[in-house]
Amino acid sequence: MFPDEFYDFLLDGVLTIGLTHYLILSVLLFSLGILCMVTKRNAIGILIGVELVLNAASINFVAFSKYQTGGLDGHIVALFIILLAAAEAAIAIAIFMNFYNTLRTIDVDRGDELRL
Amino acid sequence: MTIFATHPIVTSLAPEFILVLGGVLVLLLGLARRQWLSLVTFAVIALALITACRLRQYGAESVPQLTNDSLLWYARLVGLSVGLLILLVNRHVPEEGERGEFFSLLLFSLAGVLLVAAANNLILLFLALELVSVPTYIMIGLSRRDIRAQEATGKYFFLGAFAAAMMLYGFSFLYGAAGTTVLFGSGESLHTTLKQGGALGDTFVIIGLVLTLGGLAFKVAAVPFHSYVADVYQGAASPVTGMLGFVPKFAGFIAIIRVLSLCDWSYATDATAHNGALFWVLWVLAAATMLVGNTLALWQQNVKRMLAYSSIAHSGYMLVALVAGPGSGPSPLRNGATAVLFYIAVYGVMNLGAFASLAYLRKTGEDGEDSAETLDDIAGAARRYPWAGLALAICVLGLMGFPLTGGFLGKIYVFSAALSASAGTAGHQAMIILVVFGVLNSAIAAAYYMRILASCYLRKPAEGVTASRCPALRLSIACCAIIVLATFFRPGLLFDRSSEASVDVQARTSMQENNQSSASTATTFAGLPPQ
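Since the structure is predicted, the reported quantities are computational estimates derived from the model, not experimental observations. (Residues numbered from 1 in each chain as written. Chains lettered and ligands numbered in written order. Predicted model: local features only at pLDDT ≥ 70, side-chain atom pairs only at ≥ 80, totals over all residues. Heavy atoms only, no water.)

Visitor: I'm lost on the confidence of the model for chain B in this one. Help?
Guide: A low pLDDT means the predicted coordinates there should not be read in detail. Residue and element names in this part refer to chain B. In the predicted model, chain B carries a mean pLDDT of 87, and 91% of its residues have values of at least 70. The element-level mean pLDDT for chain B is lowest in helix 23 (residues 519–522), coming to 36, with helix 5 (residues 99–118) highest at 95. Across residues 510–531, confidence stays below pLDDT 50; counting only partners more than four residues off in sequence or on other chains, it has 37 contacts. This complex was scored by the predictor with a pTM of 0.92 and an ipTM of 0.91. (pLDDT = per-residue confidence, 0-100. Helix = DSSP H or I, 4+ residues; strand = E, 2+ residues; numbered from the N terminus. Contact = heavy atoms within 4.5 Å.)

Take a look at the structure:
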């Protein structure tokens, strides 16, 4: 149905997973994370967006580590990122417990007292 | 020669270890709810400062993954000295049961600043930057029942987390381009590979640098991540705001200097190399930051918000010098890095002094006592409290860049360095325009600083405003005002050290090329393994 070159391209360029695939995945995650942060009004929703961006960075680090350098640097960074994300989530939840106790909601748009 | 017979990593990071262990100690002692907790915190910072001086005197062994240059020494000296002032200003902020948490968070944040300067590895740099920011998220909301403080905390946290994640994404591209996480060193390091564009070419380096600088723009409150500043500064307690104007900014500028010297400033200061992408990004950032900060400040009635926008503008002035780069020679008049390091120290003290003076004037509102905020609150303050008014005036004049204050010299250095460091390069014309724009901006800025002074000196005293009785606050306000004046009359004390620090920023280039260490830098630049 298609010329042979197309199948070659499909096999080598698309179906054989390489660095590019990981980079595209991480770019998608990064964009979705940012989209999530911009559109969500629920504090937990925004937090999920932050985690998506952090995961995009982790994927980049591990992919570069596998395809570019071969060392363990990238894997170690990914471990640190997981730790950091956990710590950040803990603080976010503490902050929004406080927020909830004061405002009875975690809708971030409800906090609009600060202005001129 | 070492001070303690221990592992070299303990010796070379001794001040940071003292701060972190001290922080844990203060946190535990906080359970006892004693008044002398702030004294213990003071002693911890002072001990760290003394240790840093001793380390400087005797030198420390070089440890891989850590730098040991004069920029680190400068960060320790300035960070811990201003840290002492910040502690004095903040002494009365936490409530009875939350003193331990508050002071330990302050110590952790200061340790973060020092570690940013000490990091010679992407992972460590990132974790250190987070260690600076994360405690400040909590400090804004701690001991505040106010809804506005909750809102400020939420906004600061989310923008901060977003900026950090973006910076990390940028780091991942730098890692991909260089194939290592080590920043500087003669072996495989980002510094040696990024100059040639890295393994994957210029594009990856530029994506990485732009994302990284975007994340750092949040830390220094530059456009496009400036939107949180006014809300956060207004929502936080005035003394905490004074801290926010220095600690994250100082760490941010040190990190920017480190990141830009990774590529020998070539992406940043050369308008022709690598298509000049980063030069123009930084150029536009600096111009926009100055303009946005100053114009928005003109409309404010709330002094805290006004100073918040002025803090954005000041970041813009400092970015101008960074676009010019370190240039040649150590003099602050010719070297952008020296000028920035001088400016950030003076700015930190002026800003802290201004917010401390606001915190000194107490007004009783609906939800309890709080510091004075609006122009009406500080009306006639100088008549009723002449000394506090004078200190506020000195700090505000310093922020304005008035002669006889350190702020004046800071502005001279920044603009002069921007002109002379870029002389003869392709971007010189653009830099002249930027400097003219900056000078015009500082003229606009005078308008709103004058409103603060006019309200403070010329209007009838406001009703219901009292003075704080905290002795530490009075002492710190006096210290801030004296330092702002002293940096004008004896600027050498500060700029000798900042020029020394920027020599190492330049030295990396020449050392790499000559492959030999000159006598002047051998003792200080230890990120490089012995050759």
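On we go.
Visitor: Help me understand the pattern of salt bridges, please; the structure alone is not making it clear to me.
Guide: Side-chain pairs of opposite charge can arise whenever the charged atoms involved come near each other. Residue and element names in this part refer to chain B. Tallying each qualifying case throughout the model produces eleven salt bridges over all chains. Across the salt bridge formed by Arg 305 and Asp 231, the nearest N and O atoms sit 3.2 Å from each other. Here Asp 231 lies in helix 10 (residues 227–235) and Arg 305 lies in helix 15 (residues 303–324), a separation of 74 residues in the sequence. Neither Arg 305 nor Asp 231 differs from the other in exposure class; each is buried. Through salt bridges that share partners, Glu 151, Lys 155, Asp 231 and Arg 305 make up one connected network. (Salt bridge = Lys/Arg side-chain N within 4 Å of Asp/Glu carboxyl O. Buried < 20%, exposed > 50% of the residue type's maximum accessible area, 1.4 Å probe, protein only.)

Visitor: Could you clarify how one ought to interpret the interface of chain B and chain A in this entry?
Guide: In many analyses, interface size is given as the accessible surface area lost on bringing the parts together. With 42 residues of chain B in contact, the opposing surface of chain A contributes 43 residues. Summing both sides of the interface, chain B and chain A together bury roughly 3,600 Å²; the carbon and sulfur share of this comes to 78%. Considering only the surface of chain B that becomes buried against chain A, Phe158(B), Tyr169(B) and Tyr175(B) emerge as the three largest contributors, covering 20% of it. Between the two partners, chain B and chain A, sit zero salt bridges. Breaking the side of chain B that touches chain A down by element, the ones donating at least two residues are helix 6 (122–141), helix 7 (147–178), helix 9 (202–219) and helix 10 of chain B. In terms of residues, the side of chain B that touches chain A owes the most to one element, helix 7 of chain B, which gives 21 residues. Tallied by class, the residues present in the side of chain B that touches chain A amount to 24 nonpolar, eleven polar and seven charged. (Buried area = accessible area lost by both parts, 1.4 Å probe. Nonpolar A, V, L, I, M, F, W, Y, C, P; charged D, E, K, R; others polar.)

Visitor: Even after reading the chapter, I still don't get the packing of aromatic side chains, so can you show me in this structure?
Guide: Two descriptors summarise a pair of aromatic rings, namely the distance from one centre to the other and the angle between the planes of the rings. Using the criterion set out here, one finds 32 aromatic pairs over all chains in the structure. Ring plane angle 90° and centroid distance 5.0 Å describe the contact between Phe279(B) and Trp280(B), whose orientation is recorded as edge-to-face. Members of the aromatic cluster, joined through ring pairs, are Phe96(A), Phe99(A), Tyr137(B), Tyr156(B), Phe157(B), Phe158(B), Phe218(B) and Tyr228(B). (Phe/Tyr/Trp six-rings, centres within 6.5 Å; stacked < 30°, edge-to-face > 60°.)

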